[in-house]
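Per-entry structural report
Now for the letters of each chain:
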Amino acid sequence: MDWKIQVKEHVNKGSFYIEENEEIVAEMTFSKAGDQRIIIDHTEISDGLRGKGVGLKLVEFAVDYVRSKNIKMLPLCPFVKSTLLKHPEWKDVW
């Protein structure tokens, strides 16, 4: 399935999320730590999407996002950290 991931940004917080029928069904939240880093603190996937690779897609999107902005991420979310550790090709982003 092809999920449309969107970005919501505020002054010092934001999220990457997937919306279905005007409801957020998957979301990864972050805080901005200065101009050079975001801190990813939480990932939540609705029960209906668990086990379908949605979390991995959110992490991939976050990796592309920080690379495009030439910044780094600090993965405080255990899911994101464990996913990054499984992908050494993403080591440059954290």
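One can find the structure itself at the top, above this paragraph.
To start, this report covers the structure provided alongside it. (Residues numbered from 1 in each chain as written. Predicted model: local features only at pLDDT ≥ 70, side-chain atom pairs only at ≥ 80, totals over all residues. Heavy atoms only, no water.)

Here we take up the environment of Ser-82. As for its position among the elements, Ser-82 is in helix H2 (residues 78–85). Residue Ser-82 is classed as partly exposed on the basis of its relative accessible area, which comes to 30%. Of note is the side chain of Ser-82, whose polar atom sits 3.0 Å from the backbone oxygen of Phe-79. (Helix = DSSP H or I, 4+ residues; strand = E, 2+ residues; numbered from the N terminus. Buried < 20%, exposed > 50% of the residue type's maximum accessible area, 1.4 Å probe, protein only. Polar contact = N/O pair within 3.5 Å; in protein donor to acceptor, adjacent residues only side chain to side chain.)

To describe a pair of aromatic rings, one takes the distance between the centres and the angle between the planes. Evaluated as defined, the whole model comprises four aromatic pairs. Seen from their ring centres, Phe-16 and Phe-61 are 5.5 Å apart, and the 65° between their planes marks the pair as edge-to-face. Separated by 45 residues along the polypeptide, Phe-16 in strand S2 (residues 13–20) and Phe-61 in helix H1 (residues 54–69) bring together distant segments of the chain. What makes Phe-61 partly exposed here is its relative accessible area of 26%. When the ring of Phe-16 is compared with that of Tyr-65, the centres are 5.0 Å apart and the planes differ by 70°; the resulting orientation is edge-to-face. With Phe-16 in strand S2 and Tyr-65 in helix H1, the pair connects residues that are 49 residues apart, well separated along the chain. The class of Tyr-65 is buried, set by a relative accessible area of 9%. An aromatic cluster of at least three residues, connected via ring pairs, comprises Phe-16, Phe-30, Phe-61 and Tyr-65. Here Lys-8 stacks its cationic end above the ring of Tyr-17, 4.9 Å away from the centre of that ring. The residue whose ring lies beneath Lys-91 is Trp-94, and the NZ or CZ to ring-centre distance is 4.4 Å. (Phe/Tyr/Trp six-rings, centres within 6.5 Å; stacked < 30°, edge-to-face > 60°. Lys NZ or Arg CZ within 6 Å of the ring centre and 35° of its normal.)

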